[in-house]
Amino acid sequence: MGHLFFVAMLVCAAASLIYPWVGVLYGYLFVVLQPQAIWWWDFTDSRATFWVIVPTCLGVIFGILRKTIKIDSLKNRRNLFILVLWIFVIQSYFFGAYIHTISPWRFTIPAVTLSRLNKIFFFYFIACLCIDTEKKAKYLFVVMLVSFAYLIYWANEQYLAGHWMGRLHGPSLLTGGGVYYDQNDFAMAFVVAQPFIWYFGANCKSKVTRIVSWVALALSWNAIFLTGSRGGFLGLVVTIFLIILRSKRRMLGFALIPLFLIVFMREAGPIMVSRVMSLDHYQVHASAEERLHAWQAARRMIIAHPITGVGLGSFGPAFPYYSRHHPREAHDTFYQIAAESGLVAGIMYALTVLSLISSLWKNGRELKNLAPTEESNTLLMVNEATMIGFTGLAVCSIFLSLQQFEIFYCLNVLANSVLYIKKKQEKMYPTNHVVHDLTICESKL
């Protein structure tokens, strides 16, 4: 199976010189699906994305020179927040107080972390330039949907085939670890998947496809139960609530509640049930108490180093200086970023989250008032799935350190494209927002 990705690499590398958005789709396919972890034996000592990203960057340069790619898509406050965040991440590597501290509690190497984050930020801005039409946004939506669908299959197949017992973690790299190796991170991927599956099914005309989507939705819940993640469970509840709240078919949305309860009662194992039951006395649970200690240490780090932070990837080495408890990661994305890269970086992260959710919430309302067309329906589907999935991710980030989790930026790319396309439409058709109301009035007359 992995060999197919190398064939695709050659095709996408050539196409990306003329159509750089193809390279963006290929790159985010690797980000979400993680084929190098699933079929690790086919990816030994390979750089499957490098040979596509390079021609993609060249294609973007050619596109800007030919004026087929416009930088207007970058001109919004959320991209400014992300740019400032990037700048403060870099400065924390050079000026952080504990960057050069030798410690057994250094969980990541700062230079490696900076290299990875630079690639993530750079590719994000490249993607924002490329995904600038309704069709391209739809293709990226499909890439994420297909990737999530296979991860759902992989998780359930591991359980049904008896390959795993206890709390299920995701596929791991040949060198160990991986994006989804932690059970909580793996659960978070399925939380984000929920609205993508739901809105795809809701927009399908084929009843068979719709039924398959609902089955996939139930299997994704089971995947979260297999991970035993409390944060994933909370994120799942939030996404289900938002799907019901935002759905045009409110009664169909309410049908999710009994379906979820049935799946939970039948499929949630004793590990998931016991961890969910511990939510009402969270503060006395061992792992929860450790998180509270980490958050307290993070607050002390922020107060002591509000501008530079303790240094990128240096939360562990700094921990003993601010807490008498066992060193660990912050297990909260805001605290992790603010403690390591300074308070401004943490604020930029928080503003990015709030800006995306609020912008897409308002944009979704406006899209619902437009006359229904294939394009407006697609934009609404992408808008709602992105907003709800991102909200679920934000809930999970309260309990996880997701500062290097690239799905965060992939969702921002989708949000950027939907908002940019809507803005272009408003400039071209300034009265388009009242078309639906006029249609209703004419029908009444």
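Just above, that's the structure.
How each quantity is defined
- Residues numbered from 1 in each chain as written.
- Predicted model: local features only at pLDDT ≥ 70, side-chain atom pairs only at ≥ 80, totals over all residues.
- Heavy atoms only, no water.
- Helix = DSSP H or I, 4+ residues; strand = E, 2+ residues; numbered from the N terminus.
- Buried < 20%, exposed > 50% of the residue type's maximum accessible area, 1.4 Å probe, protein only.
- Contact = heavy atoms within 4.5 Å.
- Areas by Shrake-Rupley, 256 points an atom, 1.4 Å probe, with all protein chains shown as cover.
- Core = buried A, V, L, I, M, F, W, Y, C linked by side-chain atoms within 4.5 Å.
- Expected span 1.5 Å × (residues − 1).
- Axes fitted to C-alpha atoms, helices over the stretch in contact; angles between N-to-C directions.
- Parallel < 35°, antiparallel > 145°, perpendicular 65-115°, else oblique.
- Left-handed = near helix turned anticlockwise from the far one by under 90°.
- Nonpolar A, V, L, I, M, F, W, Y, C, P; charged D, E, K, R; others polar.
- Patch = residues over 30% accessible without salt bridge, like charges linked within 9 Å, V, L, I, M, F, W, Y side chains within 5 Å.
- Salt bridge = Lys/Arg side-chain N within 4 Å of Asp/Glu carboxyl O.
- Phe/Tyr/Trp six-rings, centres within 6.5 Å; stacked < 30°, edge-to-face > 60°.
- Lys NZ or Arg CZ within 6 Å of the ring centre and 35° of its normal.

> Looking at this structure, how should I read the overall build of the protein?
Within the protein one finds 20 helices and zero strands. Counting only residues that meet the buried cut, the protein has 54% of its 445 residues in that class. The long-range share in the protein, meaning contacts at least 24 apart out of those at least 6 apart in sequence, stands at 78%. Carbon and sulfur atoms make up 68% of the accessible area of the protein, which totals about 20500 Å².

> I keep staring at the nonpolar core and nothing clicks. Help me out?
Side chains of a nonpolar character, in soluble globular proteins, are inclined to be buried together. Formed by 114 residues in total, the largest nonpolar core has its most connected members in Tyr-28, Phe-148, Phe-196, Trp-221 and Ile-407. Each residue touching Ile-407, except ones within four places of it in the same chain, is listed here: Val-31, Val-32, Phe-148, Tyr-180, Val-192 and Leu-393. In this structure, Trp-295, Ala-297, Ala-330 and Ala-339 belong to the second largest nonpolar core, which totals 16 residues.

> Would you take a moment to explain helix α7 (residues 134–160) for this structure?
Within an α-helix, residues lying three or four positions from one another point in the same direction, as the helix has 3.6 residues per turn. Taking 1.5 Å as the rise per residue, α7 with 27 residues should run 39 Å; its terminal C-alpha atoms sit 39 Å apart, in good agreement. Gly-162 sits one or two residues past α7 and shows a positive phi near 75 degrees.

> What is the right way to read the packing of helix α8 (residues 183–202) against helix α9 (residues 207–227) from this model?
For any two helices packed against each other, the geometry is given by the interaxial angle and the distance between the axes. The contact between α8 and α9 brings their axes to 9 Å, and the two run at 165 degrees. For the element pair α8 / α9, the angle class is roughly antiparallel. Relative to α9, α8 is oriented so that their crossing is left-handed. Between α8 and α9, the contacting residues are Gln-183, Phe-186, Ala-187, Phe-190, Val-191, Gln-194, Ile-197, Trp-198, Phe-200, Gly-201 and Ala-202 on the first element and Thr-209, Arg-210, Ser-213, Trp-214, Ala-216, Leu-217, Ser-220, Trp-221, Ala-223, Ile-224 and Thr-227 on the second. Looking at the contact of α8 with α9, its residues break down into 14 nonpolar, seven polar and one charged.

> How do you make sense of a nonpolar patch on the surface when you look at a structure like this?
On the surface, Leu-17, Ile-18, Tyr-19, Phe-50, Trp-51, Val-54, Leu-58, Ile-61, Phe-62 and Leu-65 cluster together to form a nonpolar patch covering roughly 970 Å² of accessible area. Mapped onto the elements of the fold, Phe-62 is located in helix α4 (residues 50–66).

> I'm lost on the pattern of salt bridges in this one. Help?
A side chain of one charge can pair with a side chain of the opposite charge if their charged atoms are brought near each other. Scanning all chains against the criterion turns up six salt bridges. Lys-136 serves as the salt-bridge partner of Asp-132, at 3.0 Å between the closest nitrogen and oxygen. Each member of the pair, Asp-132 as well as Lys-136, is classed as buried. Between Arg-328 and Glu-290 there is a salt bridge whose closest N-O contact spans 2.6 Å.

> Would you explain the packing of aromatic side chains in this entry?
Think of a pair of aromatic rings as described by two things: how far the centres are apart, and how the planes are tilted against each other in angle. Per the stated rule, a full pass over the model turns up 27 aromatic pairs. A ring pair is formed by Tyr-124 and Tyr-409, whose centres lie 6.0 Å apart and whose planes are at 65 degrees; its orientation type is edge-to-face. Taken together, the residues span a long stretch of sequence, with Tyr-124 in helix α6 (residues 110–130) and Tyr-409 in helix α19 (residues 407–428) at a distance of 285 residues. Each member of the pair, Tyr-124 together with Tyr-409, is buried. Taken together through their ring pairs, the aromatic side chains of Trp-86, Phe-121, Tyr-124, Phe-125, Tyr-349, Phe-390, Phe-408 and Tyr-409 make up a single cluster. Over the ring of Trp-361 we find Arg-246, and its NZ or CZ is 4.4 Å from the ring centre.

> Quick question: what am I supposed to make of the packing of helix α16 (residues 333–341) against helix α17 (residues 343–368) here?
Orientation of α16 relative to α17, taken along the N-to-C sense of each, is 150 degrees, at an axis distance of 6 Å. By the angle between their axes, α16 is roughly antiparallel relative to α17. Helix-helix and strand crossings are classified by hand; for α16 and α17 the assignment is right-handed. Counted together, Thr-333, Phe-334, Ile-337, Ala-338 and Ser-341 of α16 and Leu-343, Ala-345, Gly-346, Ile-347, Tyr-349 and Ala-350 of α17 form the full contact between these two elements. For the contact of α16 with α17, the residue count by class is eight nonpolar, three polar and no charged.

> It is not clear to me how unusual backbone geometry should be interpreted in this structure. Could you clarify?
In terms of backbone geometry, most residues other than glycine have negative phi values and most peptide bonds are trans. Of note in the backbone geometry, Gln-34 takes a positive phi value of approximately 55 degrees without being a glycine. The exposure class assigned to Gln-34 is buried, which follows from its relative accessible area of 7%. With phi around 65 degrees, Lys-67 is a residue other than glycine that occupies positive phi space. Following the sequence through the fold, Lys-67 ends up in the loop between α4 and α5 (77–95).

> Before we go on, may I ask you to explain the environment of Gln-158 in this structure?
By secondary structure assignment, the location of Gln-158 is in helix α7. Once residues lying within four places of it in the same chain are set aside, the contact partners of Gln-158 are His-163, Trp-164 and Leu-168.

> Is there a simple way to think about the side chain of Thr-239 in this case?
Structurally, Thr-239 is set in helix α10 (residues 230–246). Exposure remark for Thr-239: the relative accessible area of 0% places this residue in the buried category.

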